[in-house]
Every structure is written in C-alpha cells, then in structure tokens.
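One-letter residues, chain by chain:
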Amino acid sequence: MEAHRYPIWFLEQGKLGRGYAVGYSRAYSRRDTAVAEALRDAAWRIVRSRKVYIEAEQGFTEDALGKHFQGERYRILVDTSLVEATARELEPLDTAEVGNMLIVLAGTEPPPAGYEVRVPVPSSAPSWTTKPPKRSGWIYAVGVAPRYFYLQNSWRYAERDAYLELARIVGLKVWDLRKAREGRSPEGVQMTESKAVLSGAEVVARWEDVRKGVFYVLVRMSFSGGRR
C-alpha cells in the first residue's frame, strides 16, 4: 500500500505548542459538512486536553500456557457542555483530505511557516513507537490501533489507546487471584483497574506502519497533570 501524505502539523503536532488541536471527519462529498464535523471534533479534543476522567478495567486469566486477555471496558468523560462554546472560538487553519478522511488543524493563530507542507509517512519507525521518551517532569504513553476502513477510526482508536495507557500509568490497581493444585502450575484471574483525572494531556506525534497496517500515537502529560 502506498504511504499517505500528511501535513507536518499532523505527524509532529507536539512541535506546534499549545493552542492547536486536530479534528477528524469522513471526507464527505460536501466539504463544508466535513470541515464543520472535524472542527467540532477538534473542540472536543481541546476540552479533553484540559481535563478528562478515565476509568478502565481489564481482565486476564492465567494458566500453564501463560496469560490470556479476556476483555476491557472503559469510560472517557469530558465536560461536553464546553465543546460547542470552544468550537465557536476556533478557526480551521488548515485542512487536508487523506484517503477517505478529512483532518483539520484548529486554533486561533496560524501555525509556524512550513507546517502545512504535506509529506509521506517516514518508512522507518520512530524510536518512540517501541520506547516512549523519558523526560524529567513528563509522562509519555503510546497507543496502537489496526487499520480500519475509515482512516479516521484508526487514528482515533490509537489516540484513545494512548490515553488509556496514561490512565494506567497514573492510577493503576491490580487484583491477582490465584489457586494452585498439587503438582500443577498456579491458575488465576487478574483484574486491573485504572481511574485517573488527566489534565494537560496532549498528542505529540503520529506514525503509520504502512506495510503492517498499524497506527501509532504518542501522547504526553506533565507529572502534575494527573491524579486519581
């Protein structure tokens, strides 16, 4: 599959600084409809970056063959009453159609010169996809998602996964229930629970593994921005 071309502001969003957000939409036949939907989506992300409550649970079973994932449930809650007001303050600074997706850079001031340039996704994986950065005062997390028919869903789910990982880092509890039969390996059930209020979490970078069809999003938050 040929690599998509994205604006630099999409692949390296963290370099823009605060005050910007990326919104997603399907690339509808009416462009104004797609832009309006993406702009509202960007407003939701700005509200989320200010404060978001995340609650997630994961279940695993363990036997002689190892640990097996059994499922997950989660809630990501933001103050939706602020979304419409925030959307009215934003301008669509740049838009791009990538495959069947439309993305918009929203904000109030134009981005630095050169960030509107469209570039192909790098063929080599950034180091952060396998080893998140370590920087004093910051927490980093990586989210991953497979390729979906609608491209925006791949990026949204990778971003969601990164936020869930941040919540696990900030507020994780583990329950481990085991039983061992005589002469046999222990069997058990493990539950993990994450509850956290994240403030100031933001997307830093995105990368698409074109060959494998895997999407990566890197997010970060200051140590003072998360609490249980």
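Shown above is the structure to which this text applies.
All values reported here derive from a predicted model rather than from experimental measurement.

Criteria and cut-off values
Residues numbered from 1 in each chain as written. Predicted model: local features only at pLDDT ≥ 70, side-chain atom pairs only at ≥ 80, totals over all residues. Heavy atoms only, no water. Salt bridge = Lys/Arg side-chain N within 4 Å of Asp/Glu carboxyl O. Helix = DSSP H or I, 4+ residues; strand = E, 2+ residues; numbered from the N terminus. Buried < 20%, exposed > 50% of the residue type's maximum accessible area, 1.4 Å probe, protein only. Pairing = 2+ DSSP bridges.

As for the pattern of salt bridges
Per the stated rule, a full pass over the model turns up 17 salt bridges. Ionic pairing is found between E159 and R48, a salt bridge with its closest N-O pair at 2.3 Å. Of this pair, E159 sits in helix α4 (residues 151-170) while R48 is found in helix α2 (residues 31-50), placing the two residues 111 residues apart along the sequence. Here E159 falls in the buried class, since its relative accessible area comes to 1%. Judged by relative accessible area, which is 6%, R48 ranks as buried. Note that R118 is salt-bridged to D94, the shortest N-O span being 2.7 Å. Of this pair, R118 sits in strand β7 (residues 118-120) while D94 sits in strand β5 (residues 91-98), and the two are 24 residues apart along the sequence. Judged by relative accessible area, which is 28%, R118 ranks as partly exposed.

Focus: the pairing of strand β12 (residues 214-222)
For β12, a buried count of eight out of nine residues is recorded, marking the element as mostly surrounded by other parts of the structure. Across nine bridges, the pairing between strand β8 (residues 138-146) and β12 is antiparallel. Within β12, the position partnered with I139 by the bridge is M221. Pairing of strand β11 (residues 202-209) with β12 involves seven bridges; the strand directions are antiparallel. Among the inter-strand pairings, R206 is bridged to a residue of β12, identified as V217. Hairpin connection, β11 to β12: the antiparallel pair is bridged by four residues, and G213 has positive phi, about 70°.

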